[in-house]
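Results of the structural survey
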Amino acid sequence: MADPKRIAIIGAGSGGYVAAVRAAQLGAQVTLIESAEVGGLCLNWGCIPSKSLLACAELAQKIKKAGDFGITISGAVTYDLAGMVERKNRIVAGLVKGVRTLLRTWNVELIEGRGALVGATVVRVVKPDGTETTRPVDAIIIGTGTTAPALPNLPLDGTHIISSREALDLTAVPESLLIVGGGVEGCEFASLFSALGSKVTIVEMLPRLLPAEDEEVSALLAAELKKQNVTILTNIQVNKAAIGPEGVTATLADGKTVTSAKMLVSIGRRFNTAGLGLEEAGIQLGRRGEILVNERMETTQPGVYAIGDVTGKAMLAHVASAQGKVAVRNILGHPTTMAYDVIPAGIFTFPEIGRVGLTEQEAAQRGMEVKVGKFRPIGLGKAHASGETTGLMKVVTEAKTGRIVGVHLVGAHAADLIHEAAVAMRMGATAETLAGTIHAHPTMPEGLMEAAEDVEGMAIHLARRKVGAP
Ligand SMILES: Cc1cc2nc3c(=O)[nH]c(=O)nc-3n(C[C@H](O)[C@H](O)[C@H](O)COP(=O)(O)OP(=O)(O)OC[C@H]3O[C@@H](n4cnc5c(N)ncnc54)[C@H](O)[C@@H]3O)c2cc1C
């Protein structure tokens, strides 16, 4: 039997550790190198910590509505952010332990330290105590991720001007919070801190929040955030920030100022490529500093692969994991390519958002003629029973074929519900197939069925639009 392939993976984030386990499952000898903590950004300072805190805020919001459900809560309901952060830390620690166990059971060699390439066939690790070790390998996977941006006009001091990392460890709710950037991260933090009582302002330089999402989805979220007392300033940039006795004063492009206790900078990320020996190894970077890869996740140097955020693709944890599996399969002789057309994503705002595939606007940009079906949860019995009637369900189909090309959901459990649409799209389903699939009653997914029916104007629980309509 041939010797197992030796694979070194630099970075144990969502991309790296998943690649390590899959490579071990497929019989490779794996070395995984991590300079901070296994699980990377997502598990330690991203997805899981933010969703743990958002779960607390969501519960707090539900408690506020207890009276509507005939439940009386006597005494004041107060929030203890320090307690929430402690809970978050416990969750993270437990999951980190779980990942370490996985790696151990699959015999992955975990080296703690900073890894770099020495050409394309050797990796060097500098351990925390300064000692070095090297490993000759058959293939290398780089999954080093990103860090918070360094913006000269908005210098992070970690106390007043902070990144998501510090925001997740605040133990007292800031009286006011200015969030620079109305993308996914900015909107999730706006939901979190406004629910806990902070006076939140979002400043976004583009014309709308969540610029990458469907226009109606982003308008609906903006309307809901406004109801939660979030101030939204769009089409304007923060030019500079100064720290003073009252907190942080931001000067906007029109000369106006906004003063808040803290400022959270939620714009962009920096690719972690410095010190990896990439240039010497013949690995090219793209215009934004990302590592260039093809659809097999190969860099410009044969035998060296890159995965996850550092490749500048979808910047999502599950995409990093999927890319990791693709890289490993290619290294081990099972040719596979990475496709990006069916990637579900959740945005954990209040209300929640789920999306997969193209928006109407993106389809139009590709010259595709579309037919769209819409339904609102207010038409669902389950939504009323659970007090969650806010939202929108939208199915975008290619007019010519009826094939579903995108689904956009806003409302309770949207990030979970989106997977039905993802599977349907992966199977090349039409709206007719989705509409013809019997959905259990009473459930939220019934709304997706109705939205699919609405593509042909046949949703049962939508009033007839105009006399004479089909
Ligand atoms: C606040 C926040 C919330 C988020 N929420 C979500 C969400 O809900 N859903 C979602 O899909 N995505 C979310 N993301 C994005 C998600 O975290 C990333 O897409 C994901 O972590 C990318 O995984 P990765 O493996 O590419 O990189 P990372 O997770 O960044 O891992 C890279 C690892 O490499 C290590 N490393 C770097 N350089 C070296 C070196 N030279 N040697 C050794 N180790 C090195 C780092 O320490 C790190 O552990 C969120 C991000 C943030 C900031």
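Further up the page is the structure itself.
Description of the structure in this document. Counting of residues starts from 1 at the beginning of each chain's written sequence and follows it residue by residue. Under the rules for a predicted model, residues below a pLDDT of 70 receive no local features and side-chain atom pairs below 80 are neither given nor counted, while totals for whole chains, interfaces and linings still include all residues. The basis for the side-chain values is all heavy atoms of the structure; hydrogens and waters are excluded.

So, about the state of the cysteines. Here, the word disulfide means a covalent bond between the sulfur atoms of two cysteines. Two cysteine sulfurs form a disulfide in these notes if their separation is within 2.5 Å. Scanning the model with the defined rule gives one disulfide in all. Between the sulfur atoms of Cys42 and its disulfide partner Cys47 the distance amounts to 2.3 Å. Here Cys42 and Cys47 share a disulfide; its torsion about the S-S bond, -130°, makes the bridge left-handed. Summary of the burial criterion: residues with accessible area below 20% of their type's maximum are buried, those above 50% are exposed, and those between are partly exposed, where the area comes from a 1.4 Å probe applied to protein chains only. Since its relative accessible area comes to 15%, Cys42 is described here as buried. Its relative accessible area of 26% is what places Cys47 among the partly exposed residues. Left unpaired, Cys56 is separated from the closest cysteine sulfur, that of Cys47, by 17 Å. We classify Cys56 as buried; its relative accessible area is 12%. With no disulfide partner, Cys187 has as its closest neighbouring cysteine sulfur the one in Cys47, 17 Å distant. The exposure class assigned to Cys187 is buried, which follows from its relative accessible area of 0%.

Attention now goes to the site of the ligand. The ligand sits among 35 residues. The nearest are Gly15, Glu34, Lys51, Gly115 and Asp309. Definition of a polar contact: a pair of N or O atoms within 3.5 Å, with one able to donate and the other able to accept a hydrogen when the atoms are protein atoms, and with sequence-neighbouring residues admitted only if both atoms are side-chain atoms. Residue Ser14 places a main-chain N or O atom 3.1 Å away from an oxygen atom belonging to the ligand. Interatomic distance of 2.9 Å between a backbone N/O atom of Ala317 and an oxygen atom of the ligand. Starting from 1000 Å² of accessible surface for the ligand in isolation, the protein chains cover 92%. Helix and strand assignments come from DSSP, with helices taken as H or I runs of at least 4 residues and strands as E runs of at least 2, each series counted from the N terminus. Elements with a minimum of two residues in the shell around the ligand: strand S2 (29-34), helix H2 (40-45), helix H3 (47-64), strand S4 (114-118) and helix H8 (317-331). The nonpolar class holds Ala, Val, Leu, Ile, Met, Phe, Trp, Tyr, Cys and Pro. Asp, Glu, Lys and Arg form the charged class, and all remaining residues, Gly among them, are polar. Considering only residue class, the shell around the ligand consists of twelve nonpolar, 17 polar and six charged. Near is defined per residue: the residue qualifies when any heavy atom it owns lies within 4 Å of the molecule or strand. For the accessible areas, the method is Shrake-Rupley and the probe is 1.4 Å, while residue cover comes only from the protein chains on display.

Let us now look at the layout of surface pockets. Remark: the empty space left among the atoms is shown by a probe the size of a water molecule rolled over them. Approximately 880 Å³ is the volume attributed to the second largest pocket. Here a cavity denotes grid points, spaced 1 Å and computed from the protein atoms alone, that fit a 1.4 Å probe unable to get out, and a pocket denotes an open set having protein on both sides within 12 Å along at least 5 of 7 lines; residues with an atom within 4 Å of a point are the lining. Forming the walls of the second largest pocket are 32 residues, and the residues nearest its centre are Glu58, Gln61, Lys65, Phe350 and Glu388. Elements with a minimum of two residues in the lining of the second largest pocket: H3, helix H6 (184-195), helix H7 (215-227) and helix H11 (414-426). When residues in the lining of the second largest pocket are grouped by element, the largest group, eight residues, is from H3. Its residues assigned to classes, the lining of the second largest pocket shows twelve nonpolar, ten polar and ten charged. Grid points are joined across faces, edges and corners, and a volume is the space filled by probe spheres set on the points.

The next point concerns a nonpolar patch on the surface. Residues with no salt bridge and a relative accessible area higher than 30% make up the patches, which join like charges within 9 Å and nonpolar side chains (Val, Leu, Ile, Met, Phe, Trp, Tyr) within 5 Å. Any carboxyl oxygen of Asp or Glu that lies within 4 Å of a side-chain nitrogen of Lys or Arg is treated as forming a salt bridge with it. Together, Phe69, Ile71, Ile73 and Val77 give the surface a local cluster of nonpolar side chains, amounting to about 360 Å² of exposed area. Of note, Val77 is situated in the loop between H3 and helix H4 (81-105). Taking relative accessible area as the criterion, Val77 reaches 43% and is therefore assigned partly exposed.

Further remarks concern the sheet that holds strand S9 (residues 161-162). We treat two strands as partners when DSSP finds at least two bridges between them. As summarised here, the arrangement of the five strands in space is S9-S16-S10-S11-S12, forming an open sheet in which the pairing is parallel. Sheet topology places S9 and strand S12 (231-233) at the edges, where each strand pairs with a single neighbour. The sheet contact formed by S9 and strand S16 (residues 262-265) spans two bridges and is parallel. Bridge pairing in S16 links Ile161 to Met263.

Below, the discussion takes up the packing of helix H1 (residues 16-25) against H8. To get an axis, fit a line to the C-alpha atoms, keeping to the stretch in contact for a helix; angles then go from 0 to 180 degrees between the N-to-C directions. Between H1 and H8, the least distance of the axes is 8 Å, while the angle of their chain directions is 35°. The chirality of how H1 crosses H8 is right-handed. Every residue of H8 that contacts H1 at Val18, Ala19, Arg22 and Ala23 is listed here: Ser321, Gly324, Lys325 and Val328. Looking at side-chain class alone, the contact of H1 with H8 contains four nonpolar, two polar and two charged residues. Helix crossings are classified by the rotation of the near helix relative to the far one: an anticlockwise turn of less than a right angle makes the crossing left-handed, while a clockwise turn makes it right-handed. Contacts are residue-level and defined by heavy atoms, with any inter-residue pair within 4.5 Å sufficient.

Next up on the list: empty space enclosed by the protein. This structure, assessed with the given rule, holds one cavity of 30 Å³ or more. Computed from the structure, the largest cavity encloses a volume of approximately 40 Å³. Lining the largest cavity are Pro377, Met393, Leu409, Val410, Gly411, Ala412, Ala414, Leu417 and Met444. For the lining of the largest cavity, the class distribution of residues is eight nonpolar, one polar and no charged.

Turning our eyes to something else, we now look at the packing of H3 against H4. Close contact between H3 and H4 brings their axes to 9 Å; oriented N to C, the two are set at 140°. Between H3 and H4, the crossing angle belongs to the class labelled oblique. Once H3 is placed against H4, the crossing between them reads as right-handed. Of H4, the residues touching H3 (which contributes Ile48, Pro49, Ser52, Leu53, Ala55 and Cys56) are Met84, Val85, Arg87, Lys88, Ile91, Val92 and Leu95. Its residues assigned to classes, the contact of H3 with H4 shows ten nonpolar, one polar and two charged. Here roughly perpendicular refers to angles of 65 to 115 degrees, roughly parallel to angles under 35, roughly antiparallel to angles over 145, and oblique to all remaining angles.

Summed over all chains, the structure comprises 21 salt bridges. Residues Glu216 and Lys394 are paired through a salt bridge, measuring 2.5 Å at the closest nitrogen-oxygen approach. Linking Glu216 in helix H7 with Lys394 in strand S22 (residues 392-398), this pair joins segments that are 178 residues apart in sequence. Assessed through its relative accessible area of 26%, Glu216 is described here as partly exposed. Judged by its relative accessible area of 1%, Lys394 falls in the buried class.

Let us look at the packing of aromatic side chains. Two rings belonging to Phe, Tyr or Trp (six-membered ring only in the last case) form a pair when the distance between their centres is within 6.5 Å. Interplanar angles under 30 degrees mark stacking, angles over 60 mark edge-to-face geometry, and anything in between is tilted. For the structure on display, the rule yields one aromatic pair. Seen in terms of ring centroids, Phe189 and Phe193 are 6.2 Å apart; in terms of plane orientation they differ by 15°. Their pairing is stacked. Placement of the pair is Phe189 and Phe193 together in helix H6, with a separation of four residues, close to one helical turn. Assessed through its relative accessible area of 5%, Phe189 is described here as buried. Charge-over-ring contacts are defined here by two conditions on Lys NZ or Arg CZ: a distance within 6 Å of the ring centre and an angle within 35 degrees of the ring normal. The ring of Trp45 has Arg165 lying over it, and the distance from NZ or CZ to the ring centre is 3.9 Å.

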